[in-house]
Amino acid sequence: MDVFSNILLGFGVALSPQNLVYCLIGSVLGTMVGVLPGIGPVTTVALLLPISFTLDPISALIMMAGIYYGAQYGGSTTAILINIPGEPSSVVTSLDGHQMARQGRAGPALGVAALSSFFAGCVAALLIAVGAPPLAQIALQFGPAEYFSLMVCGLVAAVVLAHGSIVKAIGMVILGLIFGLAGSDINSGVRRFTYGLQGLADGVEFVALSMAIYGLAEVAVNLEKKEVKSGIAQSIGRVLPSWADVRTCIPSVLRGTTLGSLLGVLPGGGALLASFAAYTLEKKVARAPRNFGQGDIRGVAAPEAANNAGAQTSMVPMLTLGIPSNPTMALMIAALMVHGVSPGPRVMTDRPELFWGIVASMWIANLMLVILNLPLVGLWVRLVRIPYRMMFVAIVAFCCVGTFTINSNTADLAVLAFFTVFGYICLKLGCEPAPLILGFVLGPMMEENLRRALLISRGDPAIFLSSPISIGFLLAAAFLLIVVAAPTIRRRRDEAMVE
Amino acid sequence: MFIRAPKDFWAGVMFLAFAAVTIVTANGYSMGRGGRMGPGYFPAMLGWALAFLGVVLVIRALVAKGESIEPIKLRPLLVLVASVLIFALAIQPLGLVISLVGTTFLSAFATPDARWREAAILSLALTGLVSLIFVFALRLPLPIWPSL
């Protein structure tokens, strides 16, 4: 089958009434949490995991994906109107976007943000449709040694591109791998790290872990801070940008889309990195860079295009290789595994309707998001007035009930409580939870591939250096570590994050 | 004190603690050899790697200056954890409605800004919403009322 007939198949799946409804639910929820500061797409996807287990895998994934890129749309709205970025990935949008709003050009800023996101989203979906199948073809040839090296490389990249201390991030990955190993060992049947607790016999419940860390622990830290009073939203005016605005933005949108699509595919990449990088690039190459920070429309167009493109292409490693590039993807992998679908190159050949359905749903979701965001922008802005002291109670309710519904087991609630404390300590000590989640999901797979590779080579670790692909991944991992350890580049990276 | 980077220092201590537990536990399982890894092999490997990182963090924190830990307020964390535990104890005997009203009402006081009336209304509304979603829309088998 060629790409065209595959896309038709995908639309057939995505346009079914049920999937359209879940696509809409995802887009609406995504926009909502994008607008609300203090709750992001990861938290939302974690809160909805138990619900997704009751849906069929395609609908579940379409909904979760909609939340992820819906948040990119919603995040820019509050960034522009009231200078409160709803999401970290729209922080740079607020630089020029809010300036535009103060100059009375809030409408065009919102319009450009939504339209560049839409354009980038459509291009990224096309890129995935064309680029992912060959990648999966290559991945089909991977043996256990290649897979192990790929996971090492993916985890290292995720660590390097995360912000904060590298040593702590690597530590969190390893801790995640260890937590992931708890429960019955598939090879020997030995129950590991259960300490005689019946509740841990099947391992640490992933839903409880992710809800604790991204739900309750985050709430605990947020409640320590003073609540930020939101500013007043002024009148928005005409949303459609003028032709002159559009012409100024076209090159920026193209650059943002390209950069975002590329950075999205990298492990550890995704929307956040893409938006920062696009803004920096724009300042470097654009004419009259001095206008940036003072309401330059290009400073809205490029990062908005980049974050949406990056959000979408970050699904590529998950769908083709089974490797999550960020916590949201790790949660989606968990959702798929519950349905007995193990993400990886085989998904495309064994379950084509799943892969192509998701690709097609990206176009549909983007269309829905533009419609939801542009005419209804006034409605979304009002959401900011919901005080956090009411929002977090809802998070608590969803965490408790959601965790309990997984196995109807109170032991999982004890796990939830334990990891809430653990997550709080981690956040307080500046240990990012994202690498932990990635490690947790990859832990069992990594052990299995290591074991198989060494079984084939009769214990000789040289097997990891026997194939060019495996060597390539390990070299890439080593290179990344060295690059980051070098102080000058490290400073640069921190600067880029601060900017 | 000799700790110059408290955040890193305590992160290192945390890693060392988890590493110690991991290594000790893993040593209780059969190790096997490289070619035939036992259940203890990979965890032990990870445990030692984590211990190494912990040592690096602790030593570095004694040498180079770094961030200190932001002040800790225990109220939010304690109230949240207490809410979860109360839900865990209450859900089986009392059912969803009663336990969730209690849990959400209590959790609202995780912030000092909480108001009695608002918390009461909020907990009732949320319980209604959550029951609607999980019990009626998704038909998940949850005990709704106390089992007699």
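Everything numeric here is computed off the predicted structure, so don't read it as measured data. (Residues numbered from 1 in each chain as written. Chains lettered and ligands numbered in written order. Predicted model: local features only at pLDDT ≥ 70, side-chain atom pairs only at ≥ 80, totals over all residues. Heavy atoms only, no water.)

For the rest of this paragraph, the subject is the overall build of chain B. Per the secondary structure count, chain B includes 4 helices and 0 strands. In sequence order, chain B lays out its α and β elements as α-α-α-α. The C-alpha radius of gyration computed for chain B amounts to 23 Å, which surpasses the reference 15 Å derived for 148 residues by more than 25%, pointing to a less compact arrangement than a globule. The principal-axis extent of the C-alpha atoms belonging to chain B is close to 55 × 45 × 25 Å. When each of the 148 residues of chain B is scored for burial, the buried share is 46%. Considering only contacts in chain B between residues 6 or more positions apart, those separated by 24 or more positions represent 64%. Accessible surface, chain B as shown: approximately 8000 Å² in total, 72% of it carbon and sulfur. The centroid of the 11 positive side-chain charges in chain B is displaced by 10 Å from the centroid of its 5 negative side-chain charges. (Helix = DSSP H or I, 4+ residues; strand = E, 2+ residues; numbered from the N terminus. Rg over C-alpha atoms; globule rule 2.2 N^0.38 Å. Buried < 20%, exposed > 50% of the residue type's maximum accessible area, 1.4 Å probe, protein only. Contact = heavy atoms within 4.5 Å. Areas by Shrake-Rupley, 256 points an atom, 1.4 Å probe, with all protein chains shown as cover. Lys, Arg positive; Asp, Glu negative; His and termini not counted. Charge placed at Lys NZ, Arg CZ, Asp CG, Glu CD.)

Further remarks concern the interface of chain B and chain A. Each partner contributes residues to the interface: chain B has 64 residues there, and chain A has 63 residues. Around 5600 Å² of area is buried between chain B and chain A when both sides are counted, 81% of it from carbon and sulfur atoms. Viewed at the interface, chain A and chain B are joined by 2 salt bridges. Between arginine 389 of chain A and glutamate 118 of chain B there is a salt bridge; the shortest N-O distance is 2.7 Å. There are 8 residue pairs in polar contact (both at pLDDT 80 or more) connecting chain B and chain A. Breaking the side of chain B that touches chain A down by element, the ones donating at least two residues are α1 (6-27), α2 (41-63), α3 (74-107) and α4 (116-137) of chain B. Ranked by residues supplied to the side of chain B that touches chain A, first place goes to α3 of chain B with 15 residues. Among the residues making up the side of chain B that touches chain A, the classes are represented as 44 nonpolar, 11 polar and 9 charged. (Buried area = accessible area lost by both parts, 1.4 Å probe. Salt bridge = Lys/Arg side-chain N within 4 Å of Asp/Glu carboxyl O. Polar contact = N/O pair within 3.5 Å; in protein donor to acceptor, adjacent residues only side chain to side chain. Nonpolar A, V, L, I, M, F, W, Y, C, P; charged D, E, K, R; others polar.)

Time to look at the pattern of salt bridges. All names here are of chain A. A complete count under the given rule lists 16 salt bridges over all chains for this structure. Of the charged contacts, one joins arginine 192 and glutamate 447 as a salt bridge, the two residues approaching to 2.8 Å between their closest N and O atoms. Note that arginine 192 is positioned in strand β2 (residues 191-192) and glutamate 447 in helix α20 (residues 433-456), a separation of 255 residues in sequence. Here glutamate 448 and arginine 452 are joined by a salt bridge, their closest N and O atoms 3.4 Å apart. Here the residue glutamate 448 and the residue arginine 452 both occupy positions in helix α20, the gap between them amounting to 4 residues, near one helical turn. The partly exposed category is assigned to arginine 452, whose relative accessible area is 44%. One network of salt bridges, with partners in common, ties together Asp185, Arg192, Glu447 and Arg451.

Before going further, it helps to examine the domain arrangement of chain B. We note that the domain assignment places domain 1 (6-63) and domain 2 (74-137) within chain B. The straight-line distance from the C-alpha centre of domain 1 of chain B to that of domain 2 of chain B is 38 Å. (Domains from an automatic or database assignment.)

With that settled, the discussion passes to unusual backbone geometry. Non-glycine residue arginine 458 of chain A carries a positive phi angle of around 55°. Here arginine 458 of chain A lies in the loop between α20 and α21 (468-485). Its relative accessible area of 77% is what places arginine 458 of chain A among the exposed residues. Positioned with a positive phi, arginine 139 of chain B is a non-glycine residue whose angle comes to about 55°.

Attention now goes to a nonpolar patch on the surface. All names here are of chain B. Together, Phe2, Val55, Ile59, Leu62 and Val63 make up an exposed nonpolar region whose accessible area comes to about 510 Å². Relative to the helices and strands, leucine 62 resides in helix α2. What makes leucine 62 partly exposed here is its relative accessible area of 40%. (Patch = residues over 30% accessible without salt bridge, like charges linked within 9 Å, V, L, I, M, F, W, Y side chains within 5 Å.)

Once that is clear, we can look at α21 of chain A. Residue and element names in this part refer to chain A. With 18 residues, α21 extends 25 Å between its outermost C-alpha atoms, agreeing within 8% with the 26 Å of an ideal straight helix rising 1.5 Å per residue. All of the buried residues in α21 are Ser470, Phe473, Ala477 and Val484. Around the axis of α21, the buried residues are gathered within 75° of arc, so they sit on the same side. Those residues of α21 that are exposed and angled more than 90 degrees off the buried face are Pro468, Leu475, Phe479 and Ile482. (Expected span 1.5 Å × (residues − 1). Arc of directions from axis to C-beta.)

Residue and element names in this part refer to chain A. For the pair helix α5 (residues 91-102) and helix α12 (residues 298-313), interaxial distance at closest approach is 8 Å and the crossing angle is 145°. Considering the relative orientation of α5 and α12, their crossing is left-handed. Across the interface between the two elements, Val92, Thr93, Asp96, Gly97 and Met100 of α5 pack against Gly299, Val300, Pro303 and Glu304 of α12. Split into classes, the residues belonging to the contact of α5 with α12 amount to 4 nonpolar, 3 polar and 2 charged. (Axes fitted to C-alpha atoms, helices over the stretch in contact; angles between N-to-C directions. Left-handed = near helix turned anticlockwise from the far one by under 90°.)

Attention now goes to the environment of proline 6 of chain B. All names here are of chain B. By the element assignment, proline 6 lies in helix α1. For proline 6 and valine 58, which are 52 residues apart along the polypeptide, the C-alpha to C-alpha distance reads 9.2 Å. In contact with proline 6, not counting residues within four places along its chain, are Gly66, Glu67, Ser68 and Ile69.

Here we take up α2 of chain B. Helical geometry: 3.6 residues make up each α-helical turn, so side chains three or four residues apart lie on a common side. Here α2 of chain B is 23 residues long and its end C-alpha atoms lie 34 Å apart, about the 33 Å a rise of 1.5 Å per residue gives. Among all positions in α2 of chain B, only Phe42, Pro43, Ala44, Leu46, Gly47, Leu50, Ala51, Leu53, Gly54, Leu57, Val58 and Ala61 of chain B are buried. On the buried face of α2 of chain B, the contacting elements are α8 (166-181), β2 and α20 of chain A together with α1 of chain B.

Counted under the stated rule, the structure contains 20 aromatic pairs over all chains. A centroid spacing of 5.8 Å and a plane angle of 75° characterise the contact between phenylalanine 142 of chain A and phenylalanine 473 of chain A, whose relative ring orientation is edge-to-face. With phenylalanine 142 of chain A in the loop between α6 (106-140) and α7 (144-161) and phenylalanine 473 of chain A in helix α21, the pair connects residues that are 331 residues apart, well separated along the chain. Of the residues examined, phenylalanine 142 of chain A reaches a relative accessible area of 12% and is grouped as buried. When its relative accessible area of 18% is taken as the criterion, phenylalanine 473 of chain A is described as buried. Ring geometry for phenylalanine 179 of chain A versus phenylalanine 419 of chain A: centroids 5.2 Å apart, planes at 85°, classification edge-to-face. One end of the pair, phenylalanine 179 of chain A, is in helix α8; the other, phenylalanine 419 of chain A, is in helix α19 (residues 410-428), with 240 residues separating them in the sequence. Phenylalanine 419 of chain A shares its class with phenylalanine 179 of chain A; the two are buried. A connected cluster of aromatic rings, assembled from ring pairs, spans Phe179, Phe418, Phe419 and Phe422 of chain A together with Phe18 of chain B. (Phe/Tyr/Trp six-rings, centres within 6.5 Å; stacked < 30°, edge-to-face > 60°.)

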